[in-house]
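Coordinate analysis (summary)
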Amino acid sequence: QNPKTSTIVKQLVAEGNAGELQKYFGSRMEFGTAGLRAAMGAGISHMNDLTIIQTTQGFCRYLEKNFSDLKKRGVVIGFDARAHLSSGGSSKRFARLAANTFISQGVPVYLFSDITPTPFVPYTVTHLKLCAGIMVTASHNPKQDNGYKVYWENGAQIISPHDKGISQAIEENQEPWPQAWDDKLIDSSLLLHDPYATVNKEYFKDIQKQCFHRNINKETNLKFVHTSVHGVGHKFVQLAFKAFDLSPPFAVPEQKDPDPEFPTVKYPNPEEGKGVLTLSFALAEKDGAKIILANDPDADRLAVAEKQESGEWKVFSGNELGALLGWWIFTCWKNHNRDTCAIKDVYMLSSTVSSKILRAIALKEGFHFEETLTGFKWMGNRAKQLMDQGKAVLFAFEEAIGYMCCPAVLDKDGVSAAAITAEMASFLATRNLSLSQQLKAVYHEYGFHITKASYFICHDPKVIQQLFDNLRNFDGKNTYPKSCGRFKVSGIRDLTTGYDSSQPDRKAVLPTSKSSQMITFTFANGGVATMRTSGTEPKIKYYSELCAPPGNSDVEQLKKELDELVNALEKHFFQPEKNNLQRKTE
């Protein structure tokens, strides 16, 4: 019933444009553990009013089946600032339609009255003990995209088998229920609640438990620049700084207000490197700021840059900031917990494609480190299991600039991470140390961990399948590569098939998934490289790392060795020319 999408479809029918109609209606968006992520537009392959109604109807029925007290507890719904003029879709409209669906079935809905960062949704699920949460966002995807991200009652993103159960329930509830389109009905409903004021108060109170140096924060001369890259982060990072008694960061004026067009950047993704930070560098130079903090548009990720003595800016990789935050959060914990027995209940987590620096710190300091599959859905769920067993999960991170620094949010959170990073930098400044210098000190103490990650773009699923099939049948059927250029392969773990050459029974310990590609190669020189497909973008990603024991400080040699390994990986395993793959461009 949306006049804009309806007109688009009618026009294509009138033109007899079968090709375009096939694109819109050929296949339904797949609901996975990441929920939905697609372009806004007409048809069942896109995000629009109808597909949101259908998805929510399915989700509602699935929750009714799983929770006898759903009508007592309810769900939370948040949204970012995305909007798509030509199809009339927007995150706010989608959130209201989703709320309407639940309310029509007698389910209480805590719908935020304004835009919020993604981490506020999992926080609200936990804080108000709700059955589930929905965040309407496409995070840092291109402007035409939107998404529908789902959290379970434990405050973590859903994992299998919930995705399959919800997907099936969507299939069974495709016809819109009566009044499904009339979202104005919710405004007069007693089942509609607005958690905005409560959560804004409680969240900033909770993150203060991670603030350990209030006096230093009050007096620091260090200046920070913050950009929210046209997303939701501005107001919330200002409030987080205030909660930590830090002076507010300078906000990049052209990027501080939400704008669904993202006019100043090619991609609204701080992970893409210096291009996204051009305006931040200029403002920092003007105001004499040493450190830049950048959130992605839904403020669940954080990128950090620091001005070096040479005048150059260093943008920290996700692994480098993970090393710094891991060191910092453990140091703060140690200084406040004199009981040496307590360390046996302390845990840190990172994903399997992230740097193993936390493992090195854990080994030396005596706490536990665990790795999970890629993505915060795994770390959030594992953290909750550990916390339920009485363990303290201090920190979890992934190399894609995602950090969970605060147990109140079981997902990545760029708002709390920004304030904690600013406190760490302020503390280090009192010792005349920069973040870069401290990073070197961490590597000297626990061993250098040099990482390099990138991706190739490939829009053809057949080519991707063929590329991974070739790796599994490299020298004849069912044989993996024994070497990559001059680098000898010493171990293989394939989490698509469940094979692991290092296990006695050759079976992988981490869960496997046939629906996504992921192979990890261990090399005789101590290098590790993982190749995997992305769940939300047409990319084949790779992650590589060389770890040296403490004392080996020939960093340049390590970097050179890793560069050569990566070049060999690209040449022999990706074969970009043969497979017509497009390289990541800055």
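Computed from a predicted model, the values in this text were never measured in an experiment. (Residues numbered from 1 in each chain as written. Predicted model: local features only at pLDDT ≥ 70, side-chain atom pairs only at ≥ 80, totals over all residues. Heavy atoms only, no water.)

Things to note about helix 10 (residues 233-243)
The line we're drawing: Throughout, exposure labels follow a simple rule: accessible area from a 1.4 Å probe, protein chains only, divided by the maximum for the residue type, with under 20% read as buried, over 50% as exposed, and the rest as partly exposed. By definition, any uninterrupted DSSP run of H or I lasting at least four residues is a helix, any uninterrupted run of E lasting at least two residues is a strand, and each is numbered from the N terminus.
Turning to helix 10, its buried residues number three or more, namely Gly 233, His 234, Phe 236, Val 237, Ala 240, Phe 241 and Ala 243. Count one or two residues on from helix 10 and you reach Asp 245, which has phi positive near 60°.

Quick notes on the UniProt feature "domain: Alpha-D-phosphohexomutase alpha/beta/alpha" (unreviewed entry) in the chain
Counted only if it meets this: UniProt positions are given in the numbering used here, feature names are shortened, and annotations may be inferred rather than shown by experiment.
In the numbering used here, UniProt assigns the "domain: Alpha-D-phosphohexomutase alpha/beta/alpha" (unreviewed entry) feature to residues 29-175, 201-307 and 346-446. Across residues 201-307 one finds 32% helix and 16% strand; the C-alpha atoms that close the span lie 34 Å apart.

A closer look at the sheet that holds strand 17 (residues 402-404)
In a beta sheet, neighbouring strands are held together by backbone hydrogen bonds and run either parallel or antiparallel to one another. Condition: Two strands pair under a simple rule: DSSP has to find at least two bridges between them. Where helices are involved, their axes are fitted lines through C-alpha atoms of the stretch in contact, as for all axes, and angles between N-to-C directions lie from 0 to 180°. Any two residues having at least one pair of non-hydrogen atoms within 4.5 Å are treated as being in contact.
Reading across from one edge, 15-14-16-17 is the order of the four strands in this open sheet, with mixed pairing throughout. This sheet does not close on itself; its edge strands, each paired only once, are strand 15 (368-372) and strand 17. Strand-to-strand twist across the sheet, computed as the mean angle between neighbouring axes with direction ignored, equals 15°. Where strand 16 (residues 392-398) lies against strand 17, three bridges are found, and the strand directions are antiparallel. Paired with Phe 397 across the two strands is Tyr 403, which belongs to strand 17. Docked against the sheet, helix 12 (residues 318-336) engages strand 14 (346-351), strand 16 and strand 17, running at close to 170° with respect to strand 16.

Brief notes about the nonpolar core
Just so we agree on the cut-off: We define a nonpolar core as any set of buried Ala, Val, Leu, Ile, Met, Phe, Trp, Tyr and Cys residues linked to one another through side-chain atoms lying within 4.5 Å.
Judged by nonpolar contacts, the single largest core of 164 residues is most densely connected at Phe 59, Phe 102, Phe 395, Tyr 403 and Met 531. Every residue in contact with Phe 59, bar those within four places of it in the chain, is listed here: Phe 102, Ala 132, Ile 134, Tyr 148, Val 150, Trp 152 and Ile 166. In terms of nonpolar packing, the next biggest core, distinct from the first, is built from ten residues, Phe 376, Met 379, Ala 383 and Met 404 among them.

Things to note about the pattern of salt bridges
Here is the rule: The salt bridge criterion pairs a side-chain nitrogen of Lys or Arg with a carboxyl oxygen of Asp or Glu, the two atoms within 4 Å.
What the rule picks out here adds up to 36 salt bridges. Between Arg 301 and Asp 296 there is a salt bridge, with its nearest N and O atoms 3.8 Å apart. A single burial state applies to Arg 301 and to Asp 296, both of which are buried. Here Asp 563 and Lys 452 are joined by a salt bridge, their closest N and O atoms 2.9 Å apart.

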